[in-house]
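Structural characterization, general
Listed below, chain by chain, are the residues.
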Amino acid sequence: IWSLYLKETEKEDKELANSLQVGVDELLIFAGLFGAILTAFLIESRKDLQVDPVQEILQALQNHFAVTTSQPFEVSKSSLIVNYLWFTGLSLTLFSTKTATSTLISLFVSSY
C-alpha cells in the first residue's frame, strides 16, 4: 500500500512543480517583453524632455548671423505626463514581476 501511495504522491508532486515552473516562466517572459517595449517608448519620449542639439546649433548659427531673440526651452506638460506614465508603468511592471516571482518561489518552498 505504501509503495502505491508514494508513487501517486510523487506523480502529483511532479505535476505541481511543473505547473509552477511553467507559470513562473510565462510570467518572466511576459514581464521581460513588456518591460522591453516600455523601455523603447521611454527612450523615444525622453527626447522631448531635453533640448534638441541640432536645433540648438541651428539657433546659435541664426543668432550669429542675425540679431533675433531666442526662446528658452520649455518642456510641455503633455511630455511630462507621458514620460511620467511610461516610467510609472515600467516601475510597476518590474515591481509586480519581482513580487509575483518571490510569492511563487515562497509558495513552492513552503510546499516542499
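One structure accompanies this document, and this report is about it. This one's a predicted model, so the numbers in the text were calculated from it and none came from an experiment. (Residues numbered from 1 in each chain as written. Predicted model: local features only at pLDDT ≥ 70, side-chain atom pairs only at ≥ 80, totals over all residues. Heavy atoms only, no water.)

1. Structural notes on the overall build of the protein
Assigned secondary structure in the protein consists of 3 helices and 0 strands. The order of helices and strands in the protein, counted from the N terminus, is α-α-α. By residue count, 12% of the 112 residues in the protein fall in the buried class. Once local pairs closer than 6 in sequence are excluded, the contacts in the protein between residues at least 24 apart make up 91%. (Helix = DSSP H or I, 4+ residues; strand = E, 2+ residues; numbered from the N terminus. Buried < 20%, exposed > 50% of the residue type's maximum accessible area, 1.4 Å probe, protein only. Contact = heavy atoms within 4.5 Å.)

2. So, the environment of Arg46
Take Arg46: it is sitting in the loop between α1 (2–45) and α2 (53–65). Counting along the chain gives 37 residues from Arg46 to Asn83, while the straight-line C-alpha distance between them is 6.8 Å. Discounting chain neighbours no more than four positions away, the residues touching Arg46 are Asn83 and Phe87.

3. Concerning the pattern of salt bridges
Summed over all chains, the structure comprises 2 salt bridges. Residues Glu10 and Lys14 are paired through a salt bridge, measuring 3.5 Å at the closest nitrogen-oxygen approach. Of this pair, Glu10 and Lys14 both sit in helix α1, 4 residues apart, which is roughly one turn of that helix. A salt bridge links Lys47 to Glu44; its shortest N-O distance comes to 3.4 Å. (Salt bridge = Lys/Arg side-chain N within 4 Å of Asp/Glu carboxyl O.)

4. A word on the side chain of Thr97
As for its position among the elements, Thr97 is in helix α3 (residues 77–111). Those residues in contact with Thr97 that sit more than four places away from it in its chain are Leu27, Leu28 and Ala31.

5. Looking at the packing of aromatic side chains
Enumeration over the complete set of coordinates arrives at 3 aromatic pairs. Where Trp2 meets Tyr5, the ring centres are 5.8 Å apart and the plane angle is 85°; that geometry is what we call edge-to-face. Note that Trp2 and Tyr5 are positioned in helix α1 at a spacing of 3 residues, about one turn of the helix. A relative accessible area of 48% means that Tyr5 is categorised as partly exposed. Ring centres 5.9 Å apart and planes at 15° place the aromatic pair Phe30 and Phe34 in the stacked group. On the criterion of helical spacing, the pair formed by Phe30 and Phe34 is a turn pair, its members being 4 residues apart in helix α1. In this structure Phe30 comes out as exposed when scored by relative accessible area, which is 56%. Given the relative accessible area of 37%, Phe34 is considered partly exposed. (Phe/Tyr/Trp six-rings, centres within 6.5 Å; stacked < 30°, edge-to-face > 60°.)

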